[in-house]
Amino acid sequence: MPSIESISARKILNSRGGWTIEVTMRGGGKEVIASIPEGESKGSHEAHYVPVGKAIQNITEVIEPILKGRDPENQGDIDKTLLELDGTTNKSKLGANAILSVSIAASRLAAEIKGVPLWKHLRDIYGKGEGTNAPRLYINCTEGGVHAGTQLDFQEYLVIPKSRSVKEAIQIGKEMYRLIREYVKTNVGPSAVNVGDEGGFTPNFKNNLEPLKVFQKVAKALAVQGLVDFGIDAAANNVRVSAKKLLPIYKEAKEKYNLFFLEDPFKEEDFSHFEKLHEMFGNDIVVCGDDLTTTNIERMKRAHEKGSINGVIIKPNQIGSISETLEAVKLAKEWNWTVVVSHRGQDTNDDFIADLAYAVQADGIKLGGLGRGERIAKYNRLLAIETQTRPTF
Ligand code: PGA
Ligand code: ZN
């Protein structure tokens, strides 16, 4: 049985110039690396990161001696051991950053040793499903909130092609992205085409629904109205508008722009307003939890009991291990929630989540705009998976 022979970690930069960690794992004649992202607008129920230096020390002094000799193919055993070593409910001892980077590295090493693509190995662990659908792309074309520092209160405005082929969806998405760029350059000014943390443009619109109006115009100009949906991630923890005033804005977004997806429309403890909104729209809109649920099954159960949402964001680093991430996906699917795997505001070139989204046949994936390297790395990985799995597309 091939086993883990060594684990080392070092500091690398993330996309916002902060430090994060990269883990190198060796075993069975193979060597793999994994690095992890960090949120910019984090939910307060996310698993805890420890300072990078401390995470590296925890990996080399605590984790490596215990995991050496273990079988990387047994993800359940690896993650269980990591969780036991940590012993806290929020991973504050070893750090979710230390635990997740090792958890991901182990899955990559196992895939290398088995000689299969990472998504295939993840699907084996997940133990369900055989589909070949690509996740729908939730492409960030305008940013506001804490990702941009403009007057827009909401954090992300998304163009969501309907196609379940990555190539086709990117073709439509890139035309939309290009023409939105032209539109804001001409109508708002040259600096409007600067991009925010996730690669969306940052026009200083004063009206929070103006980006959707632009998207609608651009879709019409390209004659792709029937081929795309629109979404918003309000990231309402950072929005100063009251819940009472937000409700009619969301209603207007649905009526005027046929809004399809609405993430974190209210603050992370406001399960009741989520419920009210979900009740108001039924299943006409995906009302999605992110900071509300933090990929944490306890929070998800609460949202489910209350009927607060019908969609959920899945971010491995919110919970801190692969096994727990897959458990959250399984539960969401049991409840027929729309599952959207997501990157983070401060990311790296690691493309793990592309394989994850394909493995679990997620409904969607949020990878940012089509204009920053750490985002493009993941889009390109999805293209590679499609080439492997559906060569005729
Ligand atoms: P974050 O934001 O990664 O910066 O927290 C992304 C999101 O809210 O979806
Ligand atoms: Zn969000």
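Since we're looking at a predicted model, the values are computed, not measured. Residues take numbers from 1 onward in each chain, read along the sequence in its written order. For this description, chains carry letters from A and ligands carry numbers from 1, given in the order in which they are written. In keeping with the predicted nature of the model, local features appear solely for residues at pLDDT of at least 70, side-chain atom pairs appear and are counted solely at 80 or more, and the whole-chain, interface and lining totals rest on all residues. Note that water and hydrogens are dropped before the side-chain values are worked out from all heavy atoms of the structure.

Once that is clear, we can look at the site of ligand 1. In the vicinity of ligand 1 lie 15 residues, with Glu40, Ser41, His147, Arg344 and Gly345 positioned nearest. Take aspartate 233: an N or O atom from its side chain is 3.1 Å from an oxygen atom of ligand 1. Classifying every residue of the shell around ligand 1 gives no nonpolar, 5 polar and 10 charged. Of the domains in this structure, domain 1 (6-115) and domain 2 (136-389) are the two that each give at least three residues to the shell around ligand 1. One heavy atom within 4 Å of a molecule or strand is enough for the residue carrying it to be called near that molecule or strand. Pairs of N or O atoms are called polar contacts if they sit within 3.5 Å, as long as, within protein, a hydrogen donor faces a hydrogen acceptor (for residues adjacent in sequence, only side-chain-to-side-chain pairs). When residue character is reported, Ala, Val, Leu, Ile, Met, Phe, Trp, Tyr, Cys and Pro are called nonpolar, Asp, Glu, Lys and Arg charged, and the others, Gly included, polar. The domain boundaries here were taken from an automatic or database domain assignment.

Put simply, a nonpolar core is a bunch of buried Ala, Val, Leu, Ile, Met, Phe, Trp, Tyr and Cys residues held in one set by side-chain atoms that sit within 4.5 Å of each other. Exposure classes here rest on a 1.4 Å probe applied to the protein chains alone. A residue is buried below 20% of its type maximum, exposed above 50%, and partly exposed in between. Formed by 115 residues in total, the largest nonpolar core has its most connected members in Met176 and Leu212. Put simply, DSSP H or I for four residues or longer makes a helix, DSSP E for two residues or longer makes a strand, and each gets a number counted from the N terminus. Here the element with the most residues in this core is helix H3 (residues 96-114); it accounts for 10 residues. Residue-level mapping places this core at the junction of two domains, with at least three residues from each of domain 1 (6-115) and domain 2 (136-389). Those residues within four positions of methionine 176 in sequence are excluded, and the remaining contacts are Val159, Phe215, Val218, Ala219, Leu222, Val224 and Phe230. Counting 8 residues, the second-largest nonpolar core is a separate cluster that includes Tyr138, Leu158, Phe261 and Ile313. Contacts are assigned to residue pairs with any non-hydrogen atoms lying within 4.5 Å of each other.

Below, the discussion takes up the coordination of the zinc ion (ligand 2). Donors, by definition, are the N, O and S atoms found within 2.8 Å of a metal, the threshold being 3.2 Å for Na, K and Ca, and water is not counted, so a site can look incomplete. In the first shell of the zinc ion (ligand 2), the protein supplies Asp233 (OD), Glu263 (OE) and Asp290 (OD), at 2.0 to 2.3 Å from the metal. All donors to the zinc ion (ligand 2) come from one chain, and their sequence spacing reads D-x29-E-x26-D. Placement of glutamate 263 in strand S7 (residues 261-263) and of aspartate 290 in the loop between strand S8 (286-289) and helix H9 (297-306) is noted, with a sequence separation of 27 residues between them. Owing to a relative accessible area of 3%, aspartate 290 belongs among the buried residues under this scheme.

What follows covers the sheet that holds strand S6 (residues 228-233). Strand order around the closed barrel formed by 8 strands is S4-S5-S6-S7-S8-S9-S10-S11, with mixed pairing between neighbours. Neighbour-to-neighbour, the strand axes of this sheet turn through a mean angle of 25°, independent of strand direction. Two elements, strand S5 (residues 156-161) and S6, share 6 bridges in a ladder whose sense is antiparallel. Residue pairing for S6: tyrosine 157 is matched across the bridge by isoleucine 232. Helix axes are fitted to C-alpha atoms over the stretch in contact, other axes to C-alpha atoms as well, and angles between N-to-C directions run from 0 to 180 degrees. The strands touched by helix H8 (residues 271-281) are S7 and S8; relative to S8, the strand with the most contacts, the crossing angle is about 160°. The strands touched by helix H13 (residues 373-389) within the sheet are strand S4 (136-143) and strand S11 (364-368), with S11 carrying the most contacts at an inclination of about 145°. Strands qualify as paired when DSSP identifies two bridges or more between them.

In this section: the pattern of salt bridges. Any carboxyl oxygen of Asp or Glu within 4 Å of a side-chain nitrogen of Lys or Arg constitutes a salt bridge here. Tallied over the full model, the rule gives 28 salt bridges. Residue glutamate 255 pairs with lysine 251 through a salt bridge whose shortest N-O separation is 3.9 Å. In this pair, glutamate 255 and lysine 251 both sit in helix H7 (residues 243-257), 4 residues apart, roughly one turn of the helix. Take glutamate 255: its relative accessible area is 60%, and that puts it in the exposed class.

A few words now on the domain arrangement of the protein chain. Split by domain assignment, the protein chain resolves into domain 1 (6-115) and domain 2 (136-389). If you average the C-alpha positions of domain 1 and of domain 2, the two centres end up 27 Å apart. Contact residues are listed per partner, giving 34 residues for domain 1 and 32 residues for domain 2. Accessible surface is computed with a 1.4 Å probe, and the buried area is the amount of it that two parts give up when combined, taken over both parts together. Taken over both partners, the interface formed by domain 1 and domain 2 buries close to 2600 Å², and the fraction arising from carbon and sulfur atoms is 46%. Summed over the three residues of domain 1 that lose the most area to domain 2, namely Ser15, Ser41 and His45, the buried surface amounts to 24% of that side. Applying the counting rule to domain 1 against domain 2 returns 5 salt bridges.

Below, the discussion takes up the UniProt feature "binding site: (2R)-2-phosphoglycerate" (unreviewed entry) in the protein chain. In the numbering adopted here, UniProt assigns the feature "binding site: (2R)-2-phosphoglycerate" (unreviewed entry) to Gln155, Lys315, Arg344 and Lys366. By the secondary structure assignment, lysine 315 is in the loop between strand S9 (311-314) and helix H10 (316-319). Setting aside its immediate chain neighbours within four residues, lysine 366 contacts Tyr138, Glu156, Leu158, Asp233, Glu263, Ile313, Val340, Val341, Ser342, His343 and Ile353. UniProt positions are given in the numbering used here, feature names are shortened, and annotations may be inferred rather than shown by experiment.

The rule is short: rings of Phe, Tyr and Trp, with Trp giving its six-membered ring, pair when the centres are within 6.5 Å, and they are stacked under 30 degrees, edge-to-face over 60, tilted in between. All told, the structure shown has 9 aromatic pairs when counted by the stated rule. Charge-over-ring contacts are defined here by two conditions on Lys NZ or Arg CZ: a distance within 6 Å of the ring centre and an angle within 35 degrees of the ring normal. Over the aromatic face of phenylalanine 260 sits the side chain of arginine 136, whose NZ or CZ is 4.8 Å from the ring centroid.

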